[in-house]
Amino acid sequence: MMANVEISILGQPYKIACPEGEELTLQNTVEQFNEKLKKIKTSSRALRNEQLIVMAALNFCHELNAEKAKNTKQTEQLSKRIHILQESIEAVLQTDEKKTP
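Residues numbered from 1 in each chain as written. Predicted model: local features only at pLDDT ≥ 70, side-chain atom pairs only at ≥ 80, totals over all residues. Heavy atoms only, no water.

Draft legend 1. Representation of the overall build of the chain in the model. Looking only at helices and strands, the chain features two helices and two strands. Ordered by position in the sequence, the α and β elements of the chain form the string β-β-α-α. Rg of the C-alpha trace for the chain: 25 Å, well past the compact-globule value of 13 Å for 101 residues, more than 25% over. Along the first, second and third principal axes, the C-alpha set of the chain runs to 80 × 40 × 15 Å. (Helix = DSSP H or I, 4+ residues; strand = E, 2+ residues; numbered from the N terminus. Rg over C-alpha atoms; globule rule 2.2 N^0.38 Å.)

Here it is in structure tokens:
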């Protein structure tokens, strides 16, 4: 089921449908978005609301891409470690098989 939630972005009210039980998560996301907009507004010259929203969206996309790249690198490092461990275990098992009569 879907729930209708009233939110406010830059003082503009919106009614948003979201999965039932996700209302609090949506409200927290809206708060985070409004905080980002406030930061951009205070650190930039006077921008229209549309420009603020575009800047915030670009910032979030950049942050998301940076996190994805970081996760990809960590995943690759873990895969290499797992591969090395597998090779070590196989080498030990092969050595034990040769020793066993």
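Draft legend 2. Spatial organisation of the packing of helix α1 (residues 23-43) against helix α2 (residues 49-99). Between α1 and α2, the shortest axis-to-axis distance is 9 Å and the interhelical angle comes to 110°. By the angle between their axes, α1 is roughly perpendicular relative to α2. Read as a crossing pair, α1 and α2 show a hand that is right-handed. When α1 is examined against α2, the residues Gln-32, Phe-33, Lys-36, Leu-37, Ile-40 and Lys-41 are found in contact with a partner set consisting of Asn-49, Leu-52, Ile-53, Met-55, Ala-56, Asn-59, Phe-60 and Glu-63. For the contact of α1 with α2, the class distribution of residues is eight nonpolar, three polar and three charged. (Axes fitted to C-alpha atoms, helices over the stretch in contact; angles between N-to-C directions. Parallel < 35°, antiparallel > 145°, perpendicular 65-115°, else oblique. Left-handed = near helix turned anticlockwise from the far one by under 90°. Contact = heavy atoms within 4.5 Å. Nonpolar A, V, L, I, M, F, W, Y, C, P; charged D, E, K, R; others polar.)

Draft legend 3. Layout of α1. Taking 1.5 Å of rise per residue, 21 residues should cover 30 Å, and α1 covers 30 Å from first to last C-alpha, within 8% of that figure. The set of residues buried in α1 consists of Leu-26, Val-30, Phe-33, Lys-36, Leu-37 and Ile-40. Relative to the axis of α1, the buried residues are bounded by an arc of 125° and lie together on one face. Exposed side of α1, more than 90 degrees from the buried face: Leu-24, Glu-31, Lys-38, Lys-39, Thr-42 and Ser-43 are the residues found there. (Expected span 1.5 Å × (residues − 1). Buried < 20%, exposed > 50% of the residue type's maximum accessible area, 1.4 Å probe, protein only. Arc of directions from axis to C-beta.)

Draft legend 4. The pairing of strand β2 (residues 12-19), seen in detail. Looking at chain direction, strand β1 (residues 2-9) and β2 are connected through eight bridges and run antiparallel. Residue pairing across strands places Ala-3 opposite Cys-18, the latter belonging to β2. Counted between consecutive antiparallel strands, the loop separating β1 from β2 contains two residues, among which Leu-10 sits at a positive phi close to 55°. (Pairing = 2+ DSSP bridges.)

Draft legend 5. Just the packing of aromatic side chains, in detail. Taken as a whole and assessed by the stated rule, the structure comprises one aromatic pair. A cation over an aromatic ring shows up here: Lys-36 above the ring of Phe-60, its NZ or CZ 5.2 Å from the ring centre. (Phe/Tyr/Trp six-rings, centres within 6.5 Å; stacked < 30°, edge-to-face > 60°. Lys NZ or Arg CZ within 6 Å of the ring centre and 35° of its normal.)

Draft legend 6. Main features of the environment of Gly-11. Take Gly-11: it is sitting in the loop between β1 and β2. C-alpha separation for the pair Gly-11 and Asn-34, spaced 23 residues apart in sequence, amounts to 9.4 Å.

Draft legend 7. Molecular detail of a nonpolar patch on the surface. A cluster of nonpolar side chains, contributed by Val-54, Met-55 and Leu-58, occupies part of the molecular surface with about 280 Å² of accessible area. On the secondary structure map, Leu-58 appears in helix α2. (Patch = residues over 30% accessible without salt bridge, like charges linked within 9 Å, V, L, I, M, F, W, Y side chains within 5 Å. Areas by Shrake-Rupley, 256 points an atom, 1.4 Å probe, with all protein chains shown as cover. Salt bridge = Lys/Arg side-chain N within 4 Å of Asp/Glu carboxyl O.)

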